Amino acid sequence: MRPRPPVKGRGIVSGTGLIVMCLAATLAALVFSLWPYTDRPGTAPDALSAQTLRTSYGPLSSLDQEFLVKFRLAGLWEPSAGRQARTKGTTPAVRAGGRHLVEGHRFLDERVRGAAAQLNVTLPDTPDDRQKQWLATLDEARGAEYDRRFATVLRLAQGQVFPVAAQVRASTRNSLVRDLADDATMTVLDHIKALEATGDVDYDAVARDMAAGSTPPASAPTPAPSMTLPPPAFRPPPGQ
């Protein structure tokens, strides 16, 4: 009997067989490429960053860590400026602005330090050089000039940290940092409103120095009439 000829389209070397083999090879390559990471704790494919730390509250990105450091630094110098404004300020609005800074950072700095301890992040314990320069700028001023410098320098400082808090709140995957960003955003916004309510902020100097990278404003125009300070956006917990 003559051998039966092969049926076209069947067998391992047929068109269908070649497609199946290619798909299998592609799948194997994908599995092999991911295998070194899936067996390692804390190195999921969506978080392979040398700056990202794994924590029980979720990934802690480099931006999250920067946020903690920046707000710790703010808590190291702004309360000093606030206490000074309560004695050197020549208007009730400036003195009240100082009170907002002191109360706000008394609450926020405790939260920042507590979060950093839980996340194992090292925080600074002294202001940076720029902040020391700002304090020196305030130390040498008197009278109405002090009011203008205080309102403008501190308003500049708030404008630099406010976007950081907002960006972290929008992007963080760490639940502890997310809650802290809520508090930070609320606190900084309260400070911005209190400083603007003095009528002494030089907005041109703020815009200029933020664009230039930030040296303390050297001068400010004659202030507008003082406005009534709005009530704080929040109150620290009792006993703080």
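Residues numbered from 1 in each chain as written. Predicted model: local features only at pLDDT ≥ 70, side-chain atom pairs only at ≥ 80, totals over all residues. Heavy atoms only, no water.

Enquirer: So, the packing of aromatic side chains: which residues are in play, and what are the values?
Expert: Enumeration over the complete set of coordinates arrives at three aromatic pairs. For the ring pair Phe67 and Phe71, a centre distance of 5.0 Å and an interplane angle of 55 degrees mean the geometry is tilted. Placement of both Phe67 and Phe71 in helix α2 (residues 62-88) is noted, with a separation of four residues, approximately one turn of the helix. Arranged with centres 6.1 Å apart and planes meeting at 15 degrees, the rings of Tyr146 and Phe150 form a pair that is stacked. Of this pair, Tyr146 and Phe150 are both found in helix α5 (residues 143-171), four residues apart, which corresponds to roughly one turn of the helix. In terms of burial, Tyr146 and Phe150 fall into one category: buried. (Phe/Tyr/Trp six-rings, centres within 6.5 Å; stacked < 30°, edge-to-face > 60°. Helix = DSSP H or I, 4+ residues; strand = E, 2+ residues; numbered from the N terminus. Buried < 20%, exposed > 50% of the residue type's maximum accessible area, 1.4 Å probe, protein only.)

Enquirer: Pulling in residues and values, what's your account of helix α4 (residues 129-139)?
Expert: Here α4 has its buried residues at Gln131, Trp134, Leu135, Thr137 and Leu138. Buried residues in α4, looked at end-on, bunch into an arc of 155 degrees, giving them a common side. Capping of α4 at its N-terminal end is provided by Asp128; its side-chain oxygen lies 3.2 Å from the backbone amide nitrogen of Arg130. (Arc of directions from axis to C-beta. Polar contact = N/O pair within 3.5 Å; in protein donor to acceptor, adjacent residues only side chain to side chain.)

Enquirer: Describe unusual backbone geometry, and please don't skip the residues or the numbers.
Expert: Of note in this structure, Asn120 is not a glycine but carries a positive phi near 60 degrees. Topologically, Asn120 is positioned in the loop between α3 (92-119) and α4. On the accessibility criterion, Asn120 (70% relative accessible area) is exposed.

Enquirer: Residue-level account of the environment of Thr87, with values.
Expert: Counting through the fold element by element, Thr87 comes out in helix α2. Thr87 gets classed as exposed once you look at its relative accessible area, which sits at 65%. Polar side-chain contacts of Thr87 include one of 2.9 Å to the backbone oxygen of Gln84.

Enquirer: Describe the nonpolar core, with residues and values.
Expert: Ranked by internal contacts, the top residues of the largest apolar core, which has 22 residues, are Phe67, Leu68, Phe71, Leu119, Val168 and Leu180. Those elements that provide at least two residues to this core are α2, α3, α5 and α6 (175-196). Looking at this core, the element that brings in the most residues is α6, giving seven residues. Discounting chain neighbours no more than four positions away, the residues touching Leu68 are Val112, Ala115, Leu119, Val121, Leu123 and Leu180. By size, the runner-up hydrophobic cluster in this structure holds 19 residues, among which are Phe150, Val153, Leu154 and Leu195. (Core = buried A, V, L, I, M, F, W, Y, C linked by side-chain atoms within 4.5 Å. Contact = heavy atoms within 4.5 Å.)

Enquirer: Any chance you could break down the pattern of salt bridges for me, citing the residues and the numbers?
Expert: A side chain with one charge can pair with a side chain of the opposite charge if their charged atoms come near. The full count for this structure, using the stated rule, is 10 salt bridges. Among the salt bridges present, the one from Arg99 reaches Glu103, with a minimum N-O distance of 3.7 Å. Linking Arg99 with Glu103, this pair stays in helix α3, spanning four residues, or about one helical turn. Given the relative accessible area of 19%, Glu103 is considered buried. For the salt bridge of Arg149 with Glu145, the shortest nitrogen-to-oxygen distance reads 2.9 Å. Of the two residues, Arg149 and Glu145 are both situated in helix α5; the distance of four residues between them amounts to about one turn of the helix. Residue classification places Glu145 among the partly exposed positions, given a relative accessible area of 23%. (Salt bridge = Lys/Arg side-chain N within 4 Å of Asp/Glu carboxyl O.)

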